Amino acid sequence: MTRYILRRLLLSIPVLLGIVLVVFFLARVIPGDPCRASLGEHATDQICDAFNVRFGLDKAIIPGIYKTRGGFDLIPADIPATLLDNQFVAYLGRVVTGDLGDSIKYGRPVTTLLAERLPLTIELALYALLFATLVGVSLGIISAIRRNSPVDVGTMALANLGVSIPVFVLGLVLQYVFAVVLRGTPFALPPSGRLTAGVQATPLAEAWGLEWLGGPLRGLLDFVSNIYTFNFLVTLRFDLLGDAIVHMILPAIALGTISLAIIARITRSSLLEVLGLDYTRTARAKGLAERTVVRRHALRNAMLPVVTIVGLQLGTLLGGAVLTESIFNLTGVGRTLFEAITGRDYVVIQAFTLIIAVGFVVVNLVVDVSYAWLDPRIRYS
Amino acid sequence: MAGTLTATDGASGDGLATARVAGPWRDKLRMLLRQRSAVIGLIIISILSFAALFADVIAPHPPNKALNGPGEPGRRAQPCVHLLGCPADQPQTLLGTDGNSRDLFSRTLHGARVSLVVGFATAGLAVLIGSTIGAIAGFAAGGLDNGLMRVMDVMLAFPALVLAIAIASTLGRGLLQSLIAVAIVSIPIYARVMRASVLSVRGLDYVTASRALGETNRGLLVRRVLPNALTPMIVVGTLGIGTAVLETAALSFLGLGMQPPDAEWGAMIASEFNGILTRPLIVLVPGFALTLLVVGFNLLGDGLRDTLDPRLDR
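Source: prediction; values computed, not measured.

Rules and cut-offs
Residues numbered from 1 in each chain as written. Chains lettered and ligands numbered in written order. Predicted model: local features only at pLDDT ≥ 70, side-chain atom pairs only at ≥ 80, totals over all residues. Heavy atoms only, no water. Helix = DSSP H or I, 4+ residues; strand = E, 2+ residues; numbered from the N terminus. Buried < 20%, exposed > 50% of the residue type's maximum accessible area, 1.4 Å probe, protein only. Contact = heavy atoms within 4.5 Å. Lys, Arg positive; Asp, Glu negative; His and termini not counted. Charge placed at Lys NZ, Arg CZ, Asp CG, Glu CD. Salt bridge = Lys/Arg side-chain N within 4 Å of Asp/Glu carboxyl O. pLDDT = per-residue confidence, 0-100. Domains from an automatic or database assignment. Buried area = accessible area lost by both parts, 1.4 Å probe. Polar contact = N/O pair within 3.5 Å; in protein donor to acceptor, adjacent residues only side chain to side chain. Nonpolar A, V, L, I, M, F, W, Y, C, P; charged D, E, K, R; others polar. Patch = residues over 30% accessible without salt bridge, like charges linked within 9 Å, V, L, I, M, F, W, Y side chains within 5 Å. Areas by Shrake-Rupley, 256 points an atom, 1.4 Å probe, with all protein chains shown as cover. Phe/Tyr/Trp six-rings, centres within 6.5 Å; stacked < 30°, edge-to-face > 60°. Lys NZ or Arg CZ within 6 Å of the ring centre and 35° of its normal. Disulfide = S-S within 2.5 Å. Core = buried A, V, L, I, M, F, W, Y, C linked by side-chain atoms within 4.5 Å.

Chemist: How should the overall build of chain A be read in this particular structure?
Modeler: Check the secondary structure of chain A and you find 16 helices and 2 strands. If one aligns the C-alpha atoms of chain A with their principal axes, the spans along those axes are about 85 × 60 × 45 Å. The proportion of buried residues among the 381 residues of chain A is 47%. At a minimum sequence separation of 6, the contacts of chain A that also span at least 24 residues come to 71%. In chain A, 32 side chains carry a positive charge and 26 a negative one; their mean positions are 13 Å apart.

Written out as structure tokens, the structure is:
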């Protein structure tokens, strides 16, 4: 098992290096001027030159290549001088030391932005995944057991609709249904925002009298504080917890539906396959109740592909988060990244895509390892 | 799809080969038409294609014309059909008008044109490039295979939509740019499917036999391996059209795709989504059309998979 994990870790190194490279160059080739994008079209050349010096954007991107107002310039004579003194080396140095730089638009460290905005996206993605997995797996099992029944046909038709409806359309439909059609009934839900207007979350550091704390520990504490449902749970503010959950229901459903449909389909087909295998027939021949056959014998093996699929949903969820956060007026990673791309905030683009891609690789690693742990055949092949 | 395949095969040999190949594909087509999901999918796609093709004839108004003159419905008008009891002195509109007084029904029809073309073009481009990469990787094996596939892994490490947003902003705003961005993002999926498919065919006896008969590498790949490795691509490609439609619409929704005033479903939703609580129809009509089109392609894709994948024979 250790050998398998090591091999898997080694395999992800080239991918991580590739990600670091792609993130840097992708951020640079996006045309447009970060200075004018953040200071406005009327910024003078003089102001912009100072701006570029402040953010190190006047330096060569890679040895000899500069970004100019019109595009890219190659100055071969500068290659030796800029061999080490260029944006790429500076970027690599920062990545290695874990310094993500300052946002061009907000002028604040990106780590602060992340601490403020990543928790929301994590919360949203987790609830979406929870919803998708619980409902998806249950629907998949019911469909497989009652194959070709109206329940099965209906579930699969809904699953088809689920993978076909765009996240932003579903989000808008949910807003309309739960905020307009059901207004005044107990089922009405707030259509946007993270908490009811005027309600504020207290940072954990303040709630626990730990304001003297500094450094990374404080950063971590602030990060956790911004996972509102967790914050309210540990500070026992159940009124606020309810408010936070109520606001999270619609976005989580909108975001999780595609994954739900995929999980339901995989669960169904996987369980159907296992139910047709010889060992299941043996279990039935022993006279076991169908319940036991499904629960004790079939489900365990049928869940293997489901684990992989659940892990792979993270990418879909993060992509969908851009849309969900826009629709539901939530300030998370997705929306920040989108605004950074359109606003040419290179530092934020770099940092956020890097975090997302690395997170994705790590999750895939965890999925693969847990898969190998669940299914010994993988380890030894 | 079946037509293209027979054509490729026909080019490789004599008339006899063509006749023999046509048989199984006609069988498959018959099987496909017996599938409920495939038939429903085909009907949906046909209806929307018809709407797109004849949008100019069916649409009561030009899609970009503001109907705010005297005797015209004006801004964000409610639907009004005289036959359904709307007072005769009010101007008729089937689904009402949008925030710029344009006829919603006409715009939705014209949007079908954009989404269909975008879906086919994007998936086609991605399938072409992706399957070429996958075929080369699978057939060449070794270092080239490893290199190509690691590049694909890196691309897959980014959430598709996030990468598409980044590429689309690099290329600039516009429908063509967003189409290219979505196509690039979906290349790795097709490359992987094609590679796996080529790998499974490459080692078969008939390929070894051809090699022994002196067939060149190129000939082996193009004439012997590819025709038998294409089946999964047809299925994934059809499902990919739906995904392509969804993703380009998402880019348009975010303002990176089709630019105003042209009618595109994602952009139509984007310009009115703040009014969802007051005038839902303006948002829900293009949203429904978008969903319907994707449902169509997904149903057809599912039907194709059930027909073409022998492992699922029941």
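Chemist: I tried to follow the pattern of salt bridges on my own but got confused; where do I start?
Modeler: If the charged atoms of two oppositely charged side chains come close together, the side chains can form a pair. Within this structure, the stated rule accounts for 23 salt bridges over all chains. Between D239(A) and R237(A) there is a salt bridge, with the nearest N and O atoms lying 3.8 Å from each other. Take D239(A): its relative accessible area is 53%, and that puts it in the exposed class. When the shortest N-O distance is used, the salt bridge between R195(B) and D145(B) registers 2.7 Å. Placement of R195(B) in helix 8 (residues 175–202) and of D145(B) in helix 6 (residues 142–156) is noted, with a sequence separation of 50 residues between them.

Chemist: Before we go on, may I ask you to explain the confidence of the model for chain B in this structure?
Modeler: Regions with low pLDDT should not have their predicted coordinates read in detail. Residues and elements named next belong to chain B. Per-residue confidence for chain B gives a mean pLDDT of 84, with 91% of residues at or over 70. When pLDDT is averaged over each element of chain B, helix 3 (residues 36–53) comes out on top at 93 and helix 1 (residues 2–12) at the bottom at 40. In the model, residues 1–19 has pLDDT below 50 throughout and makes 11 contacts with residues more than four positions away in sequence or in other chains. Taken over the whole predicted complex, pTM reads 0.85, whereas the ipTM for its chain interfaces reads 0.84.

Chemist: Mind showing me how you'd approach the domain arrangement of chain A here?
Modeler: In many analyses, interface size is given as the accessible surface area lost on bringing the parts together. Residue and element names in this part refer to chain A. You can read the domains of chain A as domain 1 (2–96) and domain 2 (118–198 + 248–374). With centres defined by C-alpha atoms, the gap from domain 1 to domain 2 works out at 36 Å. Between domain 1 and domain 2, the residue contacts involve 24 residues of the former and 16 residues of the latter. At the boundary of domain 1 with domain 2, total buried surface from both sides reaches about 1,700 Å², with 74% on carbon and sulfur atoms. Here R8 ties to D368 by a salt bridge, and the two come within 2.6 Å at their closest N and O atoms. Between domain 1 and domain 2 we count 1 residue pair in polar contact (both at pLDDT 80 or more) in total. Breaking the side of domain 1 that touches domain 2 down by element, the ones donating at least two residues are helix 1 (2–29), helix 2 (34–39) and helix 4 (87–97). Top contributing element to the side of domain 1 that touches domain 2 by residue count: helix 1, with 13 residues. Taken together, the residues that form the side of domain 1 that touches domain 2 break down as 17 nonpolar, 2 polar and 5 charged.

Chemist: So what exactly am I meant to see when it comes to a nonpolar patch on the surface here?
Modeler: All names here are of chain A. Together, M1, I5, L6, L9, W373 and L374 line one region of the surface with nonpolar side chains, adding up to about 570 Å² of accessible area. Ranked by residue count, the leading element in the nonpolar patch is helix 1, at 3 residues. M1 gets classed as partly exposed once you look at its relative accessible area, which sits at 35%.

Chemist: Whenever I open this one, the packing of aromatic side chains confuses me. Can you help?
Modeler: Given two aromatic rings, one states the distance between the centres and the angle between the planes to describe the pair. Residues and elements named next belong to chain A. Applying the stated criterion across every chain, the model contains 10 aromatic pairs over all chains. An angle of 85 degrees between the planes, with centres 4.9 Å apart, marks the rings of F24 and F25 as edge-to-face. A relative accessible area of 0% places F24 in the buried class. For F25, a relative accessible area of 30% gives the class partly exposed. These aromatic residues form a ring-pair network of at least three members: F24, F25, F88 and Y91. The aromatic ring of Y106 is capped on one face by R117, whose charged end is 5.1 Å from the ring centroid.

Chemist: Could you clarify how one ought to interpret the environment of I184(B) in this entry?
Modeler: Residues and elements named next belong to chain B. Position of I184 relative to the elements: it lies in helix 8. Residue I184 is classed as partly exposed on the basis of its relative accessible area of 30%. Considered as a pair, I184 and A126 are 58 residues apart in the sequence and their alpha carbons are 6.4 Å apart. When near neighbours in sequence (up to four residues on either side) are disregarded, I184 contacts M155 and I167.

Chemist: Just checking my understanding: could you explain the state of the cysteines for this structure?
Modeler: Disulfides are covalent bonds that connect the sulfur atoms of two cysteines. Residues and elements named next belong to chain B. A full pass over the atoms with the stated rule returns 2 disulfides over all chains. The side chain of C80 participates in a disulfide bridge whose partner is C86; the two sulfur atoms lie 1.9 Å from each other. The disulfide joining C80 to C86 has a torsion of about -90 degrees about its S-S bond and is therefore left-handed. Neither C80 nor C86 differs from the other in exposure class; each is buried.

Chemist: Looking at this structure, how should I read the interface of chain A and chain B?
Modeler: Contacts between the two partners involve 44 residues from chain A and, on the opposite side, 39 residues from chain B. Taken together, both faces of the contact between chain A and chain B bury some 3,400 Å²; the carbon and sulfur share is 80%. Taken as a group, F168(A), L172(A) and F338(A) account for 15% of the area that chain A buries against chain B, more than any other trio of residues on that side. Counting every contact that joins chain A to chain B gives 1 salt bridge. D302(B) serves as the salt-bridge partner of R265(A), at 2.4 Å between the closest nitrogen and oxygen. In this assembly, chain A and chain B are joined by 3 residue pairs in polar contact (both at pLDDT 80 or more). Only helix 1, helix 6 (150–164), helix 7 (167–181), helix 13 (290–327), helix 14 (333–342) and helix 15 (346–374) of chain A provide two or more residues apiece to the side of chain A that touches chain B. A breakdown of the residues in the side of chain A that touches chain B according to their chemical character gives 32 nonpolar, 9 polar and 3 charged.

Chemist: I tried to follow the nonpolar core on my own but got confused; where do I start?
Modeler: Among soluble globular proteins, nonpolar side chains are generally buried collectively. Among the nonpolar cores identified, the biggest contains 159 residues, and I19(A), F168(A), F352(A), I165(B), L251(B) and I269(B) are the most heavily contacted of them. Here this core spans two domains, since at least three of its residues come from each of domain 1 (2–96) and domain 2 (118–198 + 248–374) of chain A. Setting aside residues no more than four positions away along its own chain, I269(B) makes contact with F168(A), V169(A), L172(A), F253(B), V283(B), P286(B), G287(B) and L290(B). Residues L195(A), Y228(A), F232(A) and A244(A) belong to the second largest nonpolar core, which totals 7 residues.

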